[in-house]
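# Summary of the model geometry
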Amino acid sequence: MMNSSLPEKEKLLSMLTEIYDQLEELEIVLEASFSDLRIQMNNEELNKLSAPVQRLSKLEKKLDRINPTSNEEQSNSVTKALKLEMGFWLPIEYE
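Quick summary incoming for the structure in this document. None of the values given here were measured: they were computed from a predicted structure.

Rules of the game
- Position labels on residues start from 1 in each chain and follow its written sequence.
- With pLDDT at 70 or above as the cut-off, local features in this predicted model cover only qualifying residues; side-chain atom pairs require 80 or more to be listed or tallied, and sums for whole chains, interfaces and linings still use all residues.
- Neither water nor hydrogens contribute to the side-chain values; these are computed over all heavy atoms in the structure.
- Numbering of helices and strands runs from the N terminus; a helix is a DSSP stretch of H or I covering at least four residues, while a strand is a stretch of E covering at least two.
- Each residue is placed in one exposure class: buried if its accessible area under a 1.4 Å probe, protein chains only, is under 20% of its type's maximum, exposed if it is over 50%, and partly exposed if it falls in between.
- Accessible surface is estimated by sampling points in the Shrake-Rupley manner with a 1.4 Å probe; for residues, cover comes only from the protein chains shown.
- A patch consists of residues exposed above 30% relative accessible area that lack any salt bridge, with like charges linked at up to 9 Å and nonpolar side chains (Val, Leu, Ile, Met, Phe, Trp, Tyr) linked at up to 5 Å.
- We count a salt bridge whenever a side-chain nitrogen from Lys or Arg sits within 4 Å of a carboxyl oxygen from Asp or Glu.
- Charge assignment in this entry is limited to Lys and Arg as positive and Asp and Glu as negative, and neither His nor the chain termini are counted.
- Note that the charge is assigned to NZ on lysines, CZ on arginines, CG on aspartates and CD on glutamates.

## Comments concerning the overall build of the chain
Counting its secondary structure elements, the chain contains two helices and zero strands. Of all 95 residues assigned to the chain, the portion counted as buried reaches 2%. A total accessible area of about 9,200 Å² is found for the chain, and carbon and sulfur atoms account for 60% of it.

The structure is reproduced here in C-alpha cells:
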C-alpha cells in the first residue's frame, strides 16, 4: 500500500510544480502588461492636461496684448499664471 501512494505523491508533486511554473510565467506577463498599461494611461493623462494648459497660455497671451502690464505687474502675472497651471491658488506675498 505504501508503494502505490509514493507514485501518486510524486505525480501530485509534479503537477504542483507545473502549476507553480505556470503561475510564475503568468506573473511576468501580467507585470509587463500592467506596466505598459500604466505608461499608456500616464501618456493619455498628460495629453488631456496639456490641451487646457495650452489654451490657458493662449488666453493669457491674448489678455496681455489687450491689456499690457508694467514689469512689476508682469511679474505678478507670471506668478498667477504659474499658480493656475499648478491647479491651486496661493495668496500672493507682497514685498
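## Things to note about a positive patch on the surface
On the surface, Lys58, Lys61, Lys62 and Arg65 cluster together into a patch of positive charge. Within the element layout of this structure, lysine 62 appears in helix 1 (residues 2-66).

## Let's talk about a nonpolar patch on the surface
Residues Leu12, Leu16, Ile19, Leu23, Leu26, Leu30, Phe34, Leu37 and Met41 make up a contiguous nonpolar surface patch of roughly 840 Å² in combined accessible area. Its place among the elements puts isoleucine 19 in helix 1.

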